[in-house]
Number of protein chains: 4
Amino acid sequence: MRREHKVLIEDDLARVVGEKGSTLDEMSIDFLVTVGGDGTILRAMQLGDFNILGVNISRVGFLTEVGVEDLEGALRNLAEGKFVIDERIKLKVEVNGKRQSDCTNEAVIHTASLAKVRRFRISIDGEAVATVEGDGIIVATPTGSTAYSMSAGGPILDPRVKAFVITALAPFRQTLRPTVVPADGRVEVELLNRGPCVMVLDGQQEIKLPAKAMVGFTISEKRARFVRFTKAFYTRVNEKLMEGLHS
Amino acid sequence: MRREHKVLIEDDLARVVGEKGSTLDEMSIDFLVTVGGDGTILRAMQLGDFNILGVNISRVGFLTEVGVEDLEGALRNLAEGKFVIDERIKLKVEVNGKRQSDCTNEAVIHTASLAKVRRFRISIDGEAVATVEGDGIIVATPTGSTAYSMSAGGPILDPRVKAFVITALAPFRQTLRPTVVPADGRVEVELLNRGPCVMVLDGQQEIKLPAKAMVGFTISEKRARFVRFTKAFYTRVNEKLMEGLHS
Amino acid sequence: MRREHKVLIEDDLARVVGEKGSTLDEMSIDFLVTVGGDGTILRAMQLGDFNILGVNISRVGFLTEVGVEDLEGALRNLAEGKFVIDERIKLKVEVNGKRQSDCTNEAVIHTASLAKVRRFRISIDGEAVATVEGDGIIVATPTGSTAYSMSAGGPILDPRVKAFVITALAPFRQTLRPTVVPADGRVEVELLNRGPCVMVLDGQQEIKLPAKAMVGFTISEKRARFVRFTKAFYTRVNEKLMEGLHS
Amino acid sequence: MRREHKVLIEDDLARVVGEKGSTLDEMSIDFLVTVGGDGTILRAMQLGDFNILGVNISRVGFLTEVGVEDLEGALRNLAEGKFVIDERIKLKVEVNGKRQSDCTNEAVIHTASLAKVRRFRISIDGEAVATVEGDGIIVATPTGSTAYSMSAGGPILDPRVKAFVITALAPFRQTLRPTVVPADGRVEVELLNRGPCVMVLDGQQEIKLPAKAMVGFTISEKRARFVRFTKAFYTRVNEKLMEGLHS
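Residues numbered from 1 in each chain as written. Chains lettered and ligands numbered in written order. Predicted model: local features only at pLDDT ≥ 70, side-chain atom pairs only at ≥ 80, totals over all residues. Heavy atoms only, no water.

Undergrad: Could you give an account of the sheet that holds strand β12 (residues 179-182) of chain D, naming the residues involved and the relevant values?
TA: With respect to topology, seven strands assemble into an open sheet ordered β10(B)-β12(D)-β11(D)-β9(D)-β6(D)-β14(D)-β15(D), the strand pairing being mixed. Taken across any chain shown, the strands that pair with only one partner, and hence form the sheet edges, are β10 (156-157) of chain B together with β15 (205-209) of chain D. Pairing of strand β6 (residues 106-111) of chain D with strand β14 (residues 197-201) of chain D involves five bridges; the strand directions are antiparallel. Within β14 of chain D, the residue paired with His110 of chain D across the bridge is Val198 of chain D. (Pairing = 2+ DSSP bridges. Helix = DSSP H or I, 4+ residues; strand = E, 2+ residues; numbered from the N terminus.)

Structure follows, in structure tokens:
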């Protein structure tokens, strides 16, 4: 690495390796190298607006760019500017008008009581889309479309499509088909039951939702930015999510 | 009703109407009339081995036989022997070898932590079926095949098929297709993670599952018995679950 | 209707009612009133660039705006300018570089021999998306997302999303999830087998595809334009496609 | 191979290798060794009641038992009686009362005109199950449940379950969920349209169905018998149909 790059180490990691570290919010950095899996990246994304190079030491690591065995070459390419930035839209989330952490992947509204389905009224820009009875509702970005939303039956959204996808979890009588809505609209999910729900943001943060809460989803003014060296989106989908299925 | 029938009133209800009542387990009864929805029936089924006539005052009431407006005629038919018994298999459930309540509909094993998927190893009669990563696993009877399992993407099982259906909840990479297994086999679901799971029996009873628990499913020696006057199974499916879809 | 509107009658219809008619391509018209179902509209769309008011005499008529019983009021509203134009993107289709009819709903590539699956290589802007074995491939507009693509498991696309959806018909081993791609990209489907395929455009026109054909899909420079009086998109989805499911 | 086994060669193959051959129906044989894929096995099954050892030279070969590289060992095991017979139920098919070839995998009723959906009325033992609008209907055995029916969204049926599964092809408004019915019942599919349909038996044989035809499905008195050396059903499912998905 050439000397004009300065490397900062995140506090927790610093302690492990016996170095002096700083917390993510103290750092003024151009690039953040995460070592872990998608969870590590998603947590970092919630803490700030970084260009992220994800190094994978997990089993899938869909959002990561290189394995740990390629770390050295990756850092060299990064230092030499041999990369592109893959910019993705993020989801702005409000509960009864109060802003929450943005989501890179998805927000999941889920019944807090496993045995009890809940009813949700979904609208976009004020127009009723559907009233759904089920375990929950996922609102996902294109980046999140290949994560939890896909497990729940949702489609893949090409990252270039400026849209969100609404997918129901175990909907009774299939009253909501996965629905792709424009990112410049406002999706609202209203909890119709008195019973408790929780919301999980990017699989990292769990929020209790008050009864009758109204949760709003719009595009965030922030973006998620990934350092990419080579692989295109669908190559990644096939390798990470469907490997072995193609012959 | 002719006088050779004796009517007992369940304790809680008795208090409401100012009568003397008895608890379900004190009663020696031929027929139990439930007033409520499916939950009422499923709870009663867990308490004993009754012939059940379900009177519906709920929104769907798939397992019920008559609406409350038809109660009088129903009781007359019951008294006059103008009915058939619709007998269904039940699921025997064991956690690490310890028997739990039987299920009329289904047992659901679910991650206790919404944000965290779990891994489950499923086998039948000792043969590995699949290792699944997801929110949970449903093992359903034919009776339960039109309930939660169907919302999760499972098929309808004709009540005459002596089988159970295993359906995964939001499985990552679709590693488990809904699978129909013979009721005389033994299904085992092994929790591979250290993280907590819960099991919900018939949507009524929630059990904590210890880490690495092994849950076994076989056919119960008990049966669920419903009093039926007229409607056949598929008529019921179409009316209750898909009404308005047929023209 | 006020007198500054001139009404032309299409030839075939004219003969039936004993009037003098003209063919659609001779007419220079602002609005075309179709009487029939979606097929009637889709055929008319292939013949020219009209603002269409669809009058429904069919069973579903998802694309139509009014029933025949409301025809008089509809024509009055039309004459008085009390309507909006609902503009939708169309699909431009090329077979080995040769342009075909545009599609308002979808193009379906299908094995010509029912018993024989075919292999298709799908790419977008030159990047391989997937190689799929199955009965066929549907490329649908948002307008078509609620038609055949939905029956094949595809998501609903809000008409404001500028995207197409690629849905496989009975794909072996689920190698293609429904995939939503940007309308300004170029989708290509390459037939990998020597065996024959056919392509059906908007359910109206059937084209034989030569072995090894390359079929290209981009956004058309033309638009589909529907006269709308009141009902919004999701109201229509719920009424026409899911009626009876909402309580 | 020990000398008490006599080897006959099928006519077509005999010509290729310059030997004297006989046709399958002239042979009185205990075991039939097929070299090919599933299609080869399914065709042979239609010609007689053999114990089949399938040797795979195709890409998937779900029904085959060994690869061609293991042929010698397989024949030795066969000669020495080191195998088990895996017996499966077959489907008896009647069109307007006239019996057709039995199916080992499935019968598919399909619109003959790709652009036109058809309506089908499905009943079991005289009870209406559903009226479906779509491309077609599949009735599959447990053996066929992992073939075309699965591509169309059907569940896996354990071979020990004595049942058939009815799966719709691209059903409009999802009016038929995959439905598992007892093998000792009689499934009937009635074509409601005047338009033509075709039926494909085991992917091998195509039959024109007259308008308004009534197609009946029951269990055949014949069985399909596969020579198996080692692998159990689910191992096969995971290797052949989902390989690479399990880690």
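Undergrad: Let's hear about the relation of the copies chain C and chain A: which residues, and what values?
TA: Each copy of the sequence occupies a distinct position, and chain C is placed on chain A by a rotation of 180 degrees and an axial shift of 0.0 Å, giving an RMSD of 0.1 Å. Within this description, the copies of the chain are treated as partners about a two-fold rotation axis. Considering only C-alpha atoms, the residue of chain C closest to the rotation axis is Pro155 of chain C, which sits at 3.3 Å. Interface overlap between copies: 100% of the residues of chain C at the interface are likewise at the interface in chain A, consistent with a symmetric, same-surface contact. (Least-squares fit on C-alpha atoms with pLDDT ≥ 70 in both. Contact = heavy atoms within 4.5 Å.)

Undergrad: Before we move on, could you go through the relation of the copies chain D and chain B and cite the residues and values that matter?
TA: Superposition of chain D onto chain B requires a rotation of 180 degrees combined with a translation of 0.0 Å along the rotation axis, giving an RMSD of 0.0 Å. Interface overlap between copies: 100% of the residues of chain D at the interface are likewise at the interface in chain B, consistent with a symmetric, same-surface contact.

Undergrad: Can you lay out the sheet that holds strand β10 (residues 156-157) of chain D for me, pointing to particular residues and giving the numbers?
TA: Reading across from one edge, β15(B)-β14(B)-β6(B)-β9(B)-β11(B)-β12(B)-β10(D) is the order of the seven strands in this open sheet, with mixed pairing throughout. In the strand order of this sheet, the two ends are held by β15 (205-209) of chain B together with β10 of chain D, each with one partner. Sheet analysis places strand β14 (residues 197-201) of chain B next to β15 of chain B, joined by five bridges and oriented antiparallel. Bridge assignment links Met199 of chain B to a residue of β15 of chain B, and that residue is Ile207 of chain B.

Undergrad: Lay out helix α2 (residues 38-47) of chain A with the relevant residues and their values.
TA: Residues spaced three or four apart along an α-helix face the same direction, because each turn holds 3.6 residues. All names here are of chain A. Of the positions making up α2, those classed as buried are Asp38, Ile41, Leu42, Ala44 and Met45. The buried residues of α2 all sit within an arc of 160 degrees when viewed along its axis, so they share a single face. Of the surrounding secondary structure, the elements contacted by the buried residues of α2 are β1 (31-36), β2 (51-56), β4 (84-95) and β16 (214-228). (Buried < 20%, exposed > 50% of the residue type's maximum accessible area, 1.4 Å probe, protein only. Arc of directions from axis to C-beta.)

Undergrad: A description of the packing of aromatic side chains should follow, citing residues and the corresponding values.
TA: All names here are of chain B. On inspection of all chains with the given rule, the structure shows eight aromatic pairs over all chains. The interplanar angle of 85 degrees and the centroid separation of 5.3 Å between the aromatic rings of Phe31 and Phe83 together place this pair among those described as edge-to-face. Linking Phe31 in strand β1 (residues 31-36) with Phe83 in the loop between α3 (71-79) and β4 (84-95), this pair joins segments that are 52 residues apart in sequence. On the basis of relative accessibility, which here comes to 22%, the residue Phe83 falls in the partly exposed class. (Phe/Tyr/Trp six-rings, centres within 6.5 Å; stacked < 30°, edge-to-face > 60°.)

Undergrad: Account for a nonpolar patch on the surface, with residues named and values stated.
TA: Taken together, the side chains of Val33, Val35, Ile57 and Val68 of chain A make up a nonpolar region of the molecular surface, amounting to roughly 320 Å² of accessible area. Note on placement: Val35 of chain A falls in strand β1. (Patch = residues over 30% accessible without salt bridge, like charges linked within 9 Å, V, L, I, M, F, W, Y side chains within 5 Å. Areas by Shrake-Rupley, 256 points an atom, 1.4 Å probe, with all protein chains shown as cover. Salt bridge = Lys/Arg side-chain N within 4 Å of Asp/Glu carboxyl O.)

Undergrad: I'd love a proper account of the interface of chain C and chain A, names of residues and values included.
TA: Counting from both sides, the interface comprises 36 residues of chain C and, opposite them, 36 residues of chain A. Approximately 2,900 Å² of surface area, both sides summed, lies buried where chain C meets chain A, with 53% of it carried by carbon and sulfur atoms. When residues of chain C are sorted by the area they lose upon contact with chain A, Glu127, Arg177 and Tyr234 of chain C head the list and together hold 21% of the total. At the surface where chain C touches chain A, the tally comes to two salt bridges. Among the salt bridges present, the one from Asp125 of chain C reaches Arg160 of chain A, with a minimum N-O distance of 3.3 Å. One can count 20 residue pairs in polar contact (both at pLDDT 80 or more) joining chain C with chain A. (Buried area = accessible area lost by both parts, 1.4 Å probe. Polar contact = N/O pair within 3.5 Å; in protein donor to acceptor, adjacent residues only side chain to side chain.)

Undergrad: Kindly report on the pattern of salt bridges, identifying the contributing residues and their values.
TA: If you walk through the whole model with that rule in mind, you get 67 salt bridges over all chains. Between Arg186 of chain B and Glu94 of chain B there is a salt bridge; the shortest N-O distance is 3.0 Å. Taken together, the residues Arg186 of chain B in the loop between β12 (179-182) and β13 (187-191) and Glu94 of chain B in strand β4 connect sequence positions 92 residues apart. With its nearest N and O atoms 3.1 Å apart, the salt bridge here joins Asp86 of chain C to Arg228 of chain C.

Undergrad: Give me the lowdown on the interface of chain D and chain B, citing residues and values where you can.
TA: Listed per partner, the contact involves 36 residues of chain D and 36 residues of chain B. Surface buried jointly by chain D and chain B totals about 2,900 Å² across both partners, of which 54% is contributed by carbon and sulfur atoms. Among the residues of chain D in contact with chain B, Glu127, Arg177 and Tyr234 of chain D are the three that bury the most area, contributing 22% of the side total. Taken together, the connections running from chain D to chain B amount to two salt bridges. Counting the contacts that link chain D with chain B gives 20 residue pairs in polar contact (both at pLDDT 80 or more). Elements represented by at least two residues in the side of chain D that touches chain B include exactly β7 (118-124), β8 (127-134), β10, β12 and α5 (233-241) of chain D.

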